[in-house]
Amino acid sequence: MKTIEDLGDLRGKRVLVRSDFNVPLDGTTITDDGRIRAALPTLQALTAAGAKVVVTAHLGRPKGTPDPKYSLAPVADRLGELLGATVVLAKDTVGEDAKAVVAALADGQVALLENIRFDARETSKDDAERAALADELAALADAYVSDGFGVVHRKQASVYDVAKKLPHAAGKLVFKEIDSLSKATENPQRPYVVVLGGSKVSDKLGVIANLLGKADRLLIGGGMVFTFLAAKGHQVGSSLLEKDQIETVKGYLTEAEAKGVEIVLPTDIVVAPEFKADAPATTVAADAIPADQMGLDIGPESGQLFASKIADAKTVVWNGPMGVFEFDAFAAGTKAVARAMSEADGFSIVGGGDSAAAVRTLGFDESTFSHISTGGGASLEYLEGKTLPGIAVLED
Ligand SMILES: Nc1ncnc2c1ncn2[C@@H]1O[C@H](COP(=O)(O)OP(=O)(O)OP(=O)(O)O)[C@@H](O)[C@H]1O
Ligand SMILES: O=C(O)[C@H](O)COP(=O)(O)O
């Protein structure tokens, strides 16, 4: 992959940068700016080189149409503070305002385009639709730098298609992530333990098929748990459940047994009647979740069990919080895993927007982890050994 430096003299050139600014928000307040900070080295290198920097990014999963709830306005403000310079936010993605904002950029200035997922073509499965958006993005720039590591597993217009239209390079974050993650994939020290949780269950269940051939032990927490409990024949009340994946999960359990991979499930669950910070929380056995309750964290016994399964790991990779850590009553499981990882002697990687945010907001020292990846799904797919479209396209 080419570096920014390989792009030659960028003074006065318009450089389109894809960053991952998919940050956790409480209303319009950014609760963790880790992904914005991680983008700074590339943006600062480009501004120092005198480029006109045009950043494109997404926030959340809007439905392909503008939605103020998903505006990048808070990100533009925070990015400006961190860069110490005004970052103008275009009111649209590739429309008249974007064109005007880019045309007005001075050398060394940064502008941000509005949430690229406001345009349905960004995530379209139709190659021609994505290519059409990529053409419009490419018209705004002279070169393209891919630096949104958290989104390189997505074959999307601003991540994949646009790279084919412009001279391109990988940004500093992408190189840094690959450098750290490759240490875990190439010849991992064993026991190799993977901890999976979070809420993107349908997205991430698929990685298990591959991990069964690589990891020695899988610990399952977060929203991921309930499809496993259902596969074992237990009731899960109103918890997050991927009904159509139950059979697949049954297959994983059989395969794991045949391969000697240990799948560790929680033995107790913290439940509540509704998804609310002050909902009354109780702990129940994992095989006795009441019909009118939902599981929002792994229980204390499970926290200890998971910690003991992490303690002797030589490599441990974690993606996805163990519970709804944003609410104090459901943060203990995530804390237990974070603590065990920070104390483990082995190589430890935390990946994911919310997982990395959890480590920081729960007060853990980042330096006690070997690597905190900005990518959740992206780091998992990298560790699976999959080809990531947003990386492969840069290698051409
Ligand atoms: N039992 C649960 N029920 C519902 N949501 C849960 C549960 N456990 C965890 N979560 C939620 O999962 C969310 C994070 O999941 P997600 O899969 O997005 O992880 P991530 O680290 O952000 O990875 P990525 O970067 O791929 O998005 C958190 O907001 C948390 O509240
Ligand atoms: O948070 C992430 O993992 C990335 O920003 C990708 O977001 P997505 O899962 O909505 O594509």
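Let me begin by describing the structure that accompanies this report. (Residues numbered from 1 in each chain as written. Chains lettered and ligands numbered in written order. Predicted model: local features only at pLDDT ≥ 70, side-chain atom pairs only at ≥ 80, totals over all residues.)

1. What about the nonpolar core?
Cut-off, in case you're wondering: By our criterion, buried Ala, Val, Leu, Ile, Met, Phe, Trp, Tyr and Cys residues that link up through C-beta atoms within 7 Å make up a nonpolar core. Exposure is read from a count of other C-beta atoms within 10 Å of each residue's own; the residue is exposed at 12 or fewer, buried at 20 or more and partly exposed in between. C-beta atoms are placed from the backbone. Where helices and strands are cited, they refer to DSSP runs of H or I of at least four residues and of E of at least two residues respectively, numbered from the N terminus. Domain limits in this description derive from either an automatic procedure or a database domain assignment.
Counting residues in hydrophobic clusters, the biggest one holds 123 residues, and the most contacted among them are Val-15, Leu-16, Val-54, Leu-112, Val-337 and Met-341. With 6 residues, the top contributor of residues to this core is helix 11 (residues 332-343). For this core, the domains that each give at least three residues are domain 1 (5-175) and domain 2 (187-384).

2. Here we look at the sheet that holds strand 1 (residues 14-18)
What counts, and what does not: By definition, two strands form a pair when at least two bridges between them are found by DSSP. For helices, the fitted axis covers only the stretch in contact; all axes are lines through C-alpha atoms, and the angles between them, taken along N-to-C directions, range from 0 to 180 degrees. Think of it this way: build a C-beta for each residue from its backbone, and any pair within 7 Å is a contact.
The strand order 5-6-4-1-7-8 describes an open sheet built from 6 strands, whose pairing is parallel. Of all strands in the sheet, those with a lone pairing partner are strand 5 (87-89) and strand 8 (168-170), marking the two edges. The sheet shows a mean angle of 25 degrees between the axes of neighbouring strands, taken without regard to direction. Note: strand 7 (residues 143-146) against strand 8, 3 bridges, orientation parallel. Of the residues in strand 8, the one forming a bridge with Ser-146 is Ala-170. Across the sheet, helix 1 (residues 34-48) is in contact with strand 1, strand 4 (52-56), strand 6 (110-112) and strand 7; its angle to strand 1 comes to roughly 180 degrees.

3. Topic: the site of ligand 2
Quick reminder of the rule: We call a residue near a molecule or strand when its C-beta atom, built from the backbone, sits within 6 Å of it. Ten residues, namely Ala, Val, Leu, Ile, Met, Phe, Trp, Tyr, Cys and Pro, are considered nonpolar, four, namely Asp, Glu, Lys and Arg, are considered charged, and the remaining ones, Gly among them, are considered polar.
The environment of ligand 2 is formed by Asp-20, Asn-22, Arg-61, Gly-150, Val-151, Arg-154, Gly-353, Gly-376 and Gly-377. Residue composition of the shell around ligand 2, by class: 1 nonpolar, 5 polar and 3 charged. Two domains each donate at least three residues to the shell around ligand 2, and these are domain 1 (5-175) and domain 2 (187-384).

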